[in-house]
Amino acid sequence: MANAEQLLHEAQFAFHNISYGESRANRRNAAQARSISMKILRKFPGTMEAREAHALLMRLGDEAFTSALSVRHKHITQEEHHRTPAATVSPSARNDLRVRAATGTMESLDWSGLLAVIFAMPKVLFAALVVGGFLLFGIFGPLLLLPLVAFILLTGPFRQMLKPEQRRQMNAFIVRTNEFIDRQR
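All residue numbers here refer to positions counted from 1 along the written sequence of the relevant chain. Note on the predicted model: pLDDT of at least 70 is required for a residue's local features to be given, and 80 or more for side-chain atom pairs to be given and counted; whole-chain, interface and lining totals, by contrast, use all residues. Note that the side-chain values use all heavy atoms of the structure and ignore hydrogens as well as water.

Asker: Where do I start with the overall build of the protein in this structure?
Answerer: Secondary structure follows DSSP: runs of H or I at least 4 residues long count as helices, runs of E at least 2 residues long count as strands, and numbering of each begins at the N terminus. Within the protein, the secondary structure is distributed over 10 helices and 0 strands. Mapped in sequence order, the helices and strands of the protein form the string α-α-α-α-α-α-α-α-α-α. To sort residues, take the accessible area from a 1.4 Å probe on protein chains only and compare it with the maximum for the residue type: under 20% means buried, over 50% means exposed, and anything in between is partly exposed. Sorting the 185 residues of the protein into buried and exposed places 22% on the buried side. In the protein, 59% of the contacts between residues at least 6 apart in sequence involve partners at least 24 apart. Contact between two residues is taken to exist if any of their heavy atoms lie within 4.5 Å; hydrogens are not considered.

Asker: I would appreciate a short explanation of the packing of helix H1 (residues 4-16) against helix H2 (residues 24-43) in the present structure.
Answerer: Any two packed helices are characterised by how steeply their axes cross, that is the angle between the axes, and by the distance between the axes. Close contact between H1 and H2 brings their axes to 8 Å; oriented N to C, the two are set at 160°. With respect to H2, the element H1 is oriented roughly antiparallel. In this structure, H1 meets H2 at a crossing whose hand is left-handed. Across from Ala-4, Leu-7, Leu-8, Glu-10, Ala-11, Ala-14 and Phe-15 in H1, the residues of H2 making contact are Asn-29, Gln-32, Ala-33, Ile-36, Ser-37, Lys-39 and Ile-40. The class makeup of the residues in the contact of H1 with H2 is 9 nonpolar, 3 polar and 2 charged. For helices, the axis comes from a line fit to the C-alpha atoms of the stretch in contact; other axes are also lines fit to C-alpha atoms, and the angle between any two N-to-C directions lies between 0 and 180 degrees. Comment on the angle field: the value is read as roughly parallel under 35 degrees, roughly antiparallel over 145, roughly perpendicular from 65 to 115, and oblique elsewhere. We call a crossing left-handed when the near helix sits turned anticlockwise from the far one by less than a right angle, and right-handed when that turn is clockwise. In the scheme used here, Gly and all other residues not listed as nonpolar or charged are polar, with Ala, Val, Leu, Ile, Met, Phe, Trp, Tyr, Cys and Pro taken as nonpolar and Asp, Glu, Lys and Arg as charged.

Asker: Would you mind going over the packing of H2 against helix H3 (residues 48-59) with me for this structure?
Answerer: Where H2 meets H3, the axes come as close as 9 Å, and the angle between the chain directions of the two elements is 145°. As H2 packs across H3, the resulting crossing turns out to be left-handed. Of H3, the residues touching H2 (which contributes Ala-33, Arg-34, Ser-37, Met-38, Ile-40 and Leu-41) are Glu-49, Ala-50, Ala-53, His-54, Leu-56 and Leu-57. Looking at the contact of H2 with H3 residue by residue, the class counts come to 8 nonpolar, 2 polar and 2 charged.

Asker: Sorry, what's going on with the pattern of salt bridges here?
Answerer: Charged atoms that come close allow side chains of opposite charge to pair. A carboxyl oxygen of Asp or Glu within 4 Å of a side-chain nitrogen of Lys or Arg is what we treat as a salt bridge. Scanning the model with the defined rule gives 1 salt bridge in all. Between Arg-168 and Glu-165 there is a salt bridge; the shortest N-O distance is 2.7 Å. Of the two residues, Arg-168 and Glu-165 both sit in helix H10 (residues 164-184), 3 residues apart, roughly one turn of that helix.

Written out as structure tokens, the structure reads:
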């Protein structure tokens, strides 16, 4: 049975044998590099070889699950542990942000908090927004609803269809929105 280092060398060899263009050999080498990298991630999670295999998969255009164990259970000094946290972000929230950034998990928008902030506005301002919304709907019609529907879909179920960079930007936007909602509460 091969160890992680040997498997990583095989995966890197297959990856480096991919040349420019579409050919059967390129598809075979890419598939072999993916297969071996996934095997490394399954059998040797949390190792340096697993991180290299994950990087190799990302260069191939794939995304793979990596264990968040090294991020969650990080040994720190006693001085770091007893340091006073930042005033705006709690330690658990900071840890959640680190884990989400490392694993690439998707942040969900705090819809109940958003609605609570909207309905907590002064009634005059809320009524002005509703009247303005009706006027804009009268002028632009259903086209006004398209950005709202796109926002709802892209913050929810269809985010997996976005490219990784767009997904990261959307996650960053949702994190900022959730922080704003928490400050307003």
